[in-house]
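Architecture at a glance
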Amino acid sequence: MPPSSRAMRGTENREFENRVRHATTTAKPKTPVGSPVARHANGPDPHDLRAALEDAVATPTPSPSRKRQRIVYQDRFIPNREGVDLQASFSLLPSTPTKPPKRTPQGELHFQKNEQANNTFTHLLRSELFHNEIPQADLPSFNIRNSAASARIDPVGNRTPPITATNTNAPSTPSKNLFTYMSPKTGTTKSRHGPNMDTRSEIYSLSPVRYDSQKMLLSPRKQPRAVSKVPYKVLDAPELADDFYLNLVDWGSTNILGVGLGSCVYMWNSNSGKVTKLCDLGTEDSVTSVSWIQRGSHVSIGTNKGYVQIWDARECRRLRTMTGHTARVGALAWNDHILTSGSRDRAIYHRDVRAPDQYIAKLTGHKQEVCGLKWNCEDGQLASGGNDNKLFVWDRLTQQPLYKFSEHTAAVKAIAWSPHQHGTLASGGGTADRKIRFWNTLTGQPINEIDTGSQVCNLAWSKNSNEIVSTHGFSENQIVVWKYPSMSQVATLTGHTYRVLYLAMSPDGQVIVTGAGDETLRFWNCFAKSKNEGRISTAFDPLSQIR
């Protein structure tokens, strides 16, 4: 028996004995021994015993336990929002951005549909609750000609003035929504001679939602573009170097893919599927970069010893060898007849392939190896990235950089010029940076940035749509297609087991090829056909004009 039970039982017994003892003291007076009642005098009266027992059972003593009894409410709590100002509560909400959920590569299309449905429901619910009293949070839109202060995206539509040097010491508020200014709500249109005659008014509506909400729900939805997650072709590429600072894959305008493997350069004809060996540098040298001219069959090759060779791919004949660099040439870029080379010796040379000179200009500025070079042929600007985490923009053949960007925190190899907006440059950082940044080279101001979560190895703009593709290394080894300027993911492609260090695009802009240290080349159908392709082919077809 537990100690608490024994203590309670002992307490009850003592109470019972006290009551019995009290009953015996208040009994009748003593009688003589010989009396018939003498036998009852030897013990307590049975009536008193019965009364004391019933009294003890009817009034039990409290338990010595210290536990409080749990109070259970039997009714629900119904809050009263009658005195709550919903508009003020919304204005005081914190404007901290929520982290987007991580999506799986297999359900990319399903994720896009769910995201579109969630956005539609959010706008519908906001419209039904607040009508036009609360500003709508539109998608961010970027302007390539904006300033540094206006380049930052405001989630409420840039309704607050930008932060300047005069108000940096002002006390901060918990939210930007607190200062959303708007005009007073307009009333319903009424006729001059009678009540409201607008057929779109809510008093005549048979639908539970507003007219604006009905219009939004009935508007046609743009279907997300489906991208195949499986490469349609995989080629073996033995001895494809797993080196972040090299550029060994390029696709020419003649639809021939050039690949540097070890000390050799091979060409793969996309039309016939034929593979041709272009050159072999021997055992004492190796290929470090490959780049095709914009139009024609000439290809330039950078070597580990610092030489730059120009070959005629149609004749498989070397045209000339140019010197100047003292270390490997990891980056090459063409601008018509100007060939630009970047090396580990930190120098950049402009070479006129028509002139007998080895180079016509030397650019210095990078403190470490130059690993990225891209020409913007329309604006005449050159972008260079280096292992010193710097991105320089040079104007034509000038020897001083026009802009110096030092926001990246890792090597800048991935560089791409937009073919859709003048002066828009995209750059990607290495493992320590993991960001894609966009710049306006007409004003020298940043536009936007996005953290990809992994090393950015290459960037390439789509020729047919306003999209950009990026390849990544540590730690995802994926290929991502982004929609610009919203930077929403269109597709995520996986398959490589090593860093996706090389990227090239077909002349028609529909196919990309990626190479990695797993010694494979994978071909992906990422982009659709150009909308003007059919019109151009019809315009130059003489038979199409005959009726």
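Use the structure listed above.
Here goes a summary of the coordinates provided. (Residues numbered from 1 in each chain as written. Predicted model: local features only at pLDDT ≥ 70, side-chain atom pairs only at ≥ 80, totals over all residues. Heavy atoms only, no water.)

Time to look at the sheet that holds strand β2 (residues 249-251). In space, the four strands of this open sheet follow the order β2-β3-β4-β5, with antiparallel pairing throughout. In this open sheet, the two edge strands, each paired with only one partner strand, are β2 and β5 (275-280). For this sheet the average axis-to-axis angle between neighbouring strands, irrespective of direction, equals 20 degrees. Where strand β3 (residues 256-261) and strand β4 (residues 264-269) come together, six bridges link them in antiparallel fashion. Residue V259 lies in a different strand from β4, and its bridge partner there is Y266. (Pairing = 2+ DSSP bridges. Helix = DSSP H or I, 4+ residues; strand = E, 2+ residues; numbered from the N terminus. Axes fitted to C-alpha atoms, helices over the stretch in contact; angles between N-to-C directions.)

Adjacent strands of a sheet pair through backbone hydrogen bonds, lying either parallel or antiparallel. Spatial strand order, β10-β11-β12-β13: four strands in an open sheet with antiparallel pairing. This sheet does not close on itself; its edge strands, each paired only once, are β10 (329-335) and β13 (361-364). If you compare each strand with its neighbour and ignore which way they point, the axes differ by 20 degrees on average. Sheet topology places β10 next to strand β11 (residues 338-343); six bridges connect them, and they run antiparallel. Each bridged residue has a counterpart across the sheet, and for W334 the counterpart in β11 is L339.

Among the nonpolar cores identified, the biggest contains 33 residues, and L257 and L521 are the most heavily contacted of them. In terms of residue count, the dominant contributor to this core is β3 (four residues). Setting aside anything within four residues of it in sequence, one finds L257 in contact with V249, D250, W251, Y266, M267, W268, W292, A504, V513, L521 and F523. (Core = buried A, V, L, I, M, F, W, Y, C linked by side-chain atoms within 4.5 Å. Buried < 20%, exposed > 50% of the residue type's maximum accessible area, 1.4 Å probe, protein only. Contact = heavy atoms within 4.5 Å.)

It is worth spelling out the state of the cysteines at this point. Scanning the entire structure with this criterion turns up zero disulfides. In this model C279 remains outside any disulfide bridge; the closest cysteine sulfur is found in C264, 7.1 Å from its own. (Disulfide = S-S within 2.5 Å.)

The grouping of F121, L125 and L129 at the surface amounts to a nonpolar patch, some 320 Å² of accessible area in total. Residue L129 is classed as exposed on the basis of its relative accessible area, which comes to 55%. (Patch = residues over 30% accessible without salt bridge, like charges linked within 9 Å, V, L, I, M, F, W, Y side chains within 5 Å. Areas by Shrake-Rupley, 256 points an atom, 1.4 Å probe, with all protein chains shown as cover. Salt bridge = Lys/Arg side-chain N within 4 Å of Asp/Glu carboxyl O.)

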